[in-house]
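# Structural overview for review
Each chain, letter by letter, is given below.
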Amino acid sequence: MPTLPFRAVVLRAGIYVLILAGLMQIVMMVDARHAGAPDFSETSLTELTQAALLLICTALMLVIRQRYRVLRSVSLLMGAFFAISFVRENDQWLDVYVFDGAWECLVVLLALPALALVIRARRDFLEEFSLIANSLGFGLFAGGFLTTYVFSRLYGRSELWQALMGEHYLRMVKDAAEEITELAGYSLLLFASVELLLLARRLRDNRRSPPA
């Protein structure tokens, strides 16, 4: 597998830190200091940014699969995962403006074909997974997945915040903590998608290079 020079890793890490810092500053300025009261509802910038990050992740997986034509099974499965997460983030809008339960139907329509194709090409998937398992992109993906889909759910439990704040419990504080943690996790997933895109490009270039 192509290796990364130390300078490139440090440079990209610095860029990711700046992006995270910028997102947190925007959240503080827009949602935390929202006129009247802090706002972390479905229409908040935090929620909209989460959806945007998932949409970008989905698009990057499509680029890997359709343009670079490497890691096709891995990118298909991850792209479906990101698309399903995007649908889930927008479940309220779909229920209101399409029909009640629309997001569940979309999830099924996305998940079943993707799983069927990956299972059919399971040997290719396992071979591709061996290429990314020790990569920076997969490490970031694992961190983002655990942050968003495991830690944020546990961290955002009402019972935890009620125990911490007692009679001064405010749901807004609980919602802010959960949504900001999710935003951090989605940011890691974006960085993972970028890293996997760059890895896919290197793999494609290596395949094109004539043997020495």
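As a starting point, this report considers the structure included with it. (Residues numbered from 1 in each chain as written. Predicted model: local features only at pLDDT ≥ 70, side-chain atom pairs only at ≥ 80, totals over all residues. Heavy atoms only, no water.)

## So, the overall build of the protein
Applied cut-off: Per the convention used, a helix needs a DSSP run of H or I reaching at least four residues, while a strand needs a run of E reaching at least two, with both numbered from the N terminus. Contact criterion: two residues are considered in contact whenever any of their non-hydrogen atoms come within 4.5 Å of each other. Note on areas: Shrake-Rupley with a 1.4 Å probe; residue coverage comes only from the protein chains shown. Just so you know, the count uses Lys and Arg for positive and Asp and Glu for negative, and it drops His and the chain ends. To locate a charge, take NZ of a lysine, CZ of an arginine, CG of an aspartate or CD of a glutamate.
Along the backbone of the protein there are nine helices and zero strands. If you list the helices and strands of the protein from N to C, you get α-α-α-α-α-α-α-α-α. Each of the three principal axes of the protein carries a C-alpha extent, and together these read 70 × 45 × 30 Å. The contacts in the protein between residues at least 6 apart in sequence include a share of 72% that link residues at least 24 apart. When the accessible surface of the protein is totalled, it reaches about 12,300 Å², and 66% of it is carbon and sulfur. Averaging the coordinates of the 20 positive side-chain charges in the protein and doing the same for the 20 negative ones gives two points 16 Å apart.

## Quick look at the environment of R120
Note that R120 resides in helix α5 (residues 102-120). Between the C-alpha atoms of R120 and A21, which are 99 residues apart in sequence, the distance is 42 Å.

## Considerations on the packing of helix α1 (residues 6-32) against helix α2 (residues 45-68)
What counts, and what does not: Here, axes are lines fitted to C-alpha atoms. For helices the fit covers the stretch in contact, and angles between N-to-C directions go from 0 to 180 degrees. As a working rule, the residues Ala, Val, Leu, Ile, Met, Phe, Trp, Tyr, Cys and Pro are called nonpolar, Asp, Glu, Lys and Arg charged, and the rest polar, with Gly in that last group.
The contact between α1 and α2 brings their axes to 9 Å, and the two run at 145°. Residue-level contacts link L23, I26, V27, V30 and D31 of α1 to L45, T46 and T49 of α2. Residue classes in the contact of α1 with α2 are distributed as five nonpolar, two polar and one charged.

## So, α2
Where we set the bar: What a helix should span is 1.5 Å times the count of its residues minus one.
Taking 1.5 Å as the rise per residue, α2 with 24 residues should run 34 Å; its terminal C-alpha atoms sit 33 Å apart, in good agreement. Note on α2: the residue one or two positions beyond its end, R69, has a positive phi of about 55°.

## A closer look at a nonpolar patch on the surface
The cut-off we apply is this: Patch membership needs two things, relative accessible area over 30% and no salt bridge, and members are linked within 9 Å if like-charged or within 5 Å if nonpolar (Val, Leu, Ile, Met, Phe, Trp, Tyr). We define a salt bridge as a contact between a side-chain nitrogen of Lys or Arg and a carboxyl oxygen of Asp or Glu at a distance within 4 Å.
On the surface, a cluster of nonpolar side chains totalling about 330 Å² of accessible area is made up of I26, M28, M29 and V30. Among the secondary structure elements, M28 is positioned in helix α1.

## Comments concerning α5
Selection rule: Only protein chains enter the accessibility calculation, which uses a 1.4 Å probe; a residue whose area is less than 20% of its type maximum is buried, one above 50% is exposed, and one in between is partly exposed. As used here, the arc belongs to the directions running from the helix axis to the C-beta atoms.
In this model, α5 (19 residues) spans 28 Å end to end at C-alpha, consistent with the 27 Å of a helix rising 1.5 Å per residue. Along α5, the positions that sit buried rather than exposed are A102, W103, V107, A111, A114 and V118. Summarising the axial view, the buried residues of α5 lie within an arc of 145°, below the 170-degree limit, and thus occupy one face. Within α5, the exposed residues directed more than 90 degrees away from the buried face are L109, L112, I119 and R120. In this structure, the buried side of α5 is in contact with α3 (72-89), α4 (91-97) and α6 (122-132).

## Brief notes about the nonpolar core
Heads up, the rule is: Residues belong to one nonpolar core when they are buried, are Ala, Val, Leu, Ile, Met, Phe, Trp, Tyr or Cys, and are joined through side-chain atoms within 4.5 Å.
In this structure, M61, I64, L71, M78, F82 and L196 are the most contacted members of the largest nonpolar core, which totals 31 residues. If you list the elements that add at least two residues to this core, you get α1, α2, α3, α7 (136-155) and α9 (171-208). Counting residues per element, this core draws most heavily on α9, which supplies 12 residues. Apart from the residues lying within four places of it in its own chain, the contact partners of M61 are S75, M78, G79, F82, S193 and L196. One finds V87, A102, W103 and V107 within the second-largest nonpolar core, a separate group that totals five residues.

## Description of the packing of aromatic side chains
For clarity, the cut-off: Here a Phe, Tyr or Trp ring, Trp counted by its six-membered ring, pairs with any other such ring whose centre lies within 6.5 Å, and the pair is stacked when the planes are under 30 degrees apart, edge-to-face when over 60, and tilted otherwise.
The full count for this structure, using the stated rule, is 15 aromatic pairs. Relative to F82, the ring of F81 has its centre 5.6 Å away and its plane inclined at 55°; by these criteria the two rings are tilted. When the centroid spacing of 6.3 Å and the interplanar angle of 25° are considered together, the rings of F125 and F129 count as stacked. Residue F125 and its partner F129 are located together in helix α6, separated by four residues, close to a single helical turn.

## Thoughts on the pattern of salt bridges
With the rule as written, the count across this model stands at seven salt bridges. The partner of D91 in a salt bridge is R88, with the nearest N and O atoms 2.4 Å apart. A relative accessible area of 41% places R88 in the partly exposed class. Between R171 and D175 there is a salt bridge, and its shortest N-O distance comes to 3.5 Å. Taken together, the positions of R171 and D175, both in helix α9 and four residues apart, correspond to about one turn of that helix. Salt bridges linked by common partners bring R171, K174, D175 and E178 together as one network.

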